[in-house]
Amino acid sequence: MFMYSRINHIIELLVKELGLFLGISLGVFLFVLFFQPFPLDGLDFNNRLILVAGLGAIVFLFTFLVRVVFNQFIQNYEQSSPDWALPYYVGSFLILALSSVAFAFYLHYVGFVPVTFHTMFEIILICIATVVALWLSDVIKDLKHLNAALIIENKLMQKQVKKLEDNFQNKSIEFVAENNSEKLNLPVTDVAFIRSADNYVEIVFKEGDKFRKKLIRSTLKNIEHQIKPYSNFVRCHRICIVNSLFIDKLQRNYNNHLLRIKGYDEQIPVSRQYLLKLKETL
């Protein structure tokens, strides 16, 4: 039963990799047939065709044995000895060595091709091309898997961001005066900016399609402490804090920087002290 299951698994792996193995074998077949790196002039066309097909079959056979059968053996071996070193590179070396030796014997004893140094060099180059093609295939597969994983991760992050945005939009800020005599509760997404006005702070917020202003007796420092949990508020000037959700554009006028607020006519000054942090926010 165990052996039957193992054979079925090997067959499944072969079917999965069949297109790749056949493609590489066909590439070797066509290369040798058209570019004729080996002297096969003594054979007629049909015999030459059969001989070259045998070279493609050798590539297919050893690729299958190493990539499928050998890998299965390695996986079983790793269960008892997890310190096995570099099975992938061992497999690539085996494909190169076995294919090269098989090519040499096949050409010499079947094709009657003298095995010279030049012939062996061409054989090794062809077999190296086989190994490189397998490596490129593995790299492409890994990139596809990585891309699929990144797409899934990106979708999950988008859902999390959407959830955070929904939670953020439902939150409100309670502005409290210094003597607790007055409170103003506003949604976070409605507060455009806050600025100092003598002993008061002026809160500019959007109500419907219009902007409203509300004065609260407090200091900008106290208000800044109250809105500290909300990262969308950033100080742009010693007298002004702006909601980044309302920033339309950062403009430069001579040596000064100004902020344009969406739907608001007045521009907000930006001091050099807070310019860098504001740019990071944008």
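Residues numbered from 1 in each chain as written. Predicted model: local features only at pLDDT ≥ 70, side-chain atom pairs only at ≥ 80, totals over all residues. Heavy atoms only, no water.

Draft legend 1. Spotlight on the pairing of strand E4 (residues 200-207). Taken together, the six bridges between strand E3 (residues 191-197) and E4 define a ladder with antiparallel strand orientation. Paired with Val191 across the two strands is Phe205, which belongs to E4. Counting the residues in the hairpin turn of E3 and E4 gives two residues, including Asp198, whose phi is positive at 60 degrees. Sheet analysis places E4 next to strand E5 (residues 210-217), joined by eight bridges and oriented antiparallel. Across the sheet, residue Glu207 finds its bridge partner in E5, namely Lys210. Two successive antiparallel strands, E4 and E5, enclose a turn made up of two residues, where Gly208 displays a positive phi of approximately 70 degrees. (Pairing = 2+ DSSP bridges. Helix = DSSP H or I, 4+ residues; strand = E, 2+ residues; numbered from the N terminus.)

Draft legend 2. Representation of the sheet that holds strand E10 (residues 267-270) within the structure. The sheet built from three strands is open, its strands ordered E8-E9-E10 with antiparallel pairing. Each of the sheet's edge strands pairs with one partner strand only, and the pair in question is strand E8 (247-253) and E10. Strand-to-strand twist in this sheet, taken as the mean axis angle between neighbours without regard to direction, amounts to 30 degrees. Here strand E9 (residues 256-261) pairs with E10 via four bridges, running antiparallel. Looking at the pairing, His257 lines up with Val270 of E10. (Axes fitted to C-alpha atoms, helices over the stretch in contact; angles between N-to-C directions.)

Draft legend 3. How the structure looks around a nonpolar patch on the surface. On the surface, a nonpolar cluster with roughly 1000 Å² of combined accessible area is contributed by Tyr88, Tyr89, Phe117, Phe121, Ile124, Leu125, Ile128, Val132, Trp135 and Leu136. Elements that contribute at least two residues to the nonpolar patch include exactly helix H3 (87-109) and helix H4 (117-170). Mapped onto the elements of the fold, Tyr88 is located in helix H3. (Patch = residues over 30% accessible without salt bridge, like charges linked within 9 Å, V, L, I, M, F, W, Y side chains within 5 Å. Areas by Shrake-Rupley, 256 points an atom, 1.4 Å probe, with all protein chains shown as cover. Salt bridge = Lys/Arg side-chain N within 4 Å of Asp/Glu carboxyl O.)

Draft legend 4. Summary view of the confidence of the model for the chain. Per-residue pLDDT for the chain has a mean of 85; in total, 89% of the residues score no lower than 70. Note on residues 80-86: pLDDT is under 50 here. Beyond four places in sequence and across chains, it has four contacts. (pLDDT = per-residue confidence, 0-100. Contact = heavy atoms within 4.5 Å.)

Draft legend 5. Representation of the nonpolar core. Counting 31 residues, the largest nonpolar core has Val32, Phe38, Leu55, Phe103 and Ile123 as its most contacted members. Residue assignment for this core shows that the elements contributing at least two residues are helix H1 (2-35), helix H2 (45-80), H3 and H4. For this core, the leading source of residues is H2, giving 10 residues. Dropping the residues within four chain positions of it, Phe103 is found in contact with Val28, Leu55, Ile58, Val59, Ile123 and Ile126. (Core = buried A, V, L, I, M, F, W, Y, C linked by side-chain atoms within 4.5 Å. Buried < 20%, exposed > 50% of the residue type's maximum accessible area, 1.4 Å probe, protein only.)

Draft legend 6. Structural view of unusual backbone geometry. We note that Phe112 has phi near 55 degrees; this positive angle belongs to a residue other than glycine. Take Phe112: it is sitting in the loop between H3 and H4. Assessed through its relative accessible area of 66%, Phe112 is described here as exposed. Within the chain, Asp198 stands out as a residue other than glycine whose phi angle is a positive 60 degrees. Within the secondary structure, Asp198 sits in the loop between E3 and E4. For Asp198, a relative accessible area of 76% translates into the label exposed.

Draft legend 7. Local environment of the side chain of Glu17. For Glu17, the position within the fold is in helix H1. Here Glu17 falls in the buried class, since its relative accessible area comes to 14%. Setting aside its immediate chain neighbours within four residues, Glu17 contacts Arg67 and Lys141.

Draft legend 8. Geometry of helix H6 (residues 272-281). Of the residues making up H6, those classed as buried are Tyr274, Leu275 and Leu278. Around the axis of H6, the buried residues are gathered within 125 degrees of arc, so they sit on the same side. Away from its buried face, by an angle of more than 90 degrees, H6 presents the exposed residues Gln273, Leu276, Lys277 and Glu280. (Arc of directions from axis to C-beta.)

Draft legend 9. Just the sheet that holds strand E7 (residues 240-243), in detail. Taken together, five strands build an open sheet; the order of strands is E5-E4-E3-E7-E6 and the sheet is antiparallel. Where the open sheet ends on each side, the last strands, each with one partner, are E5 and strand E6 (233-237). Direction aside, the axes of adjacent strands within the sheet are offset by 20 degrees on average.

Draft legend 10. Region of the structure containing the pattern of salt bridges. If you walk through the whole model with that rule in mind, you get eight salt bridges. Measuring nitrogen to oxygen at the nearest pair gives 2.9 Å for the salt bridge that ties Glu17 to Lys141. With a gap of 124 residues between them, Glu17 in helix H1 and Lys141 in helix H4 connect regions that are remote in the sequence. Arg235 serves as the salt-bridge partner of Glu224, at 2.8 Å between the closest nitrogen and oxygen. On the criterion of sequence distance, the pair formed by Glu224 in helix H5 (residues 220-226) and Arg235 in strand E6 is long-range, its members being 11 residues apart.

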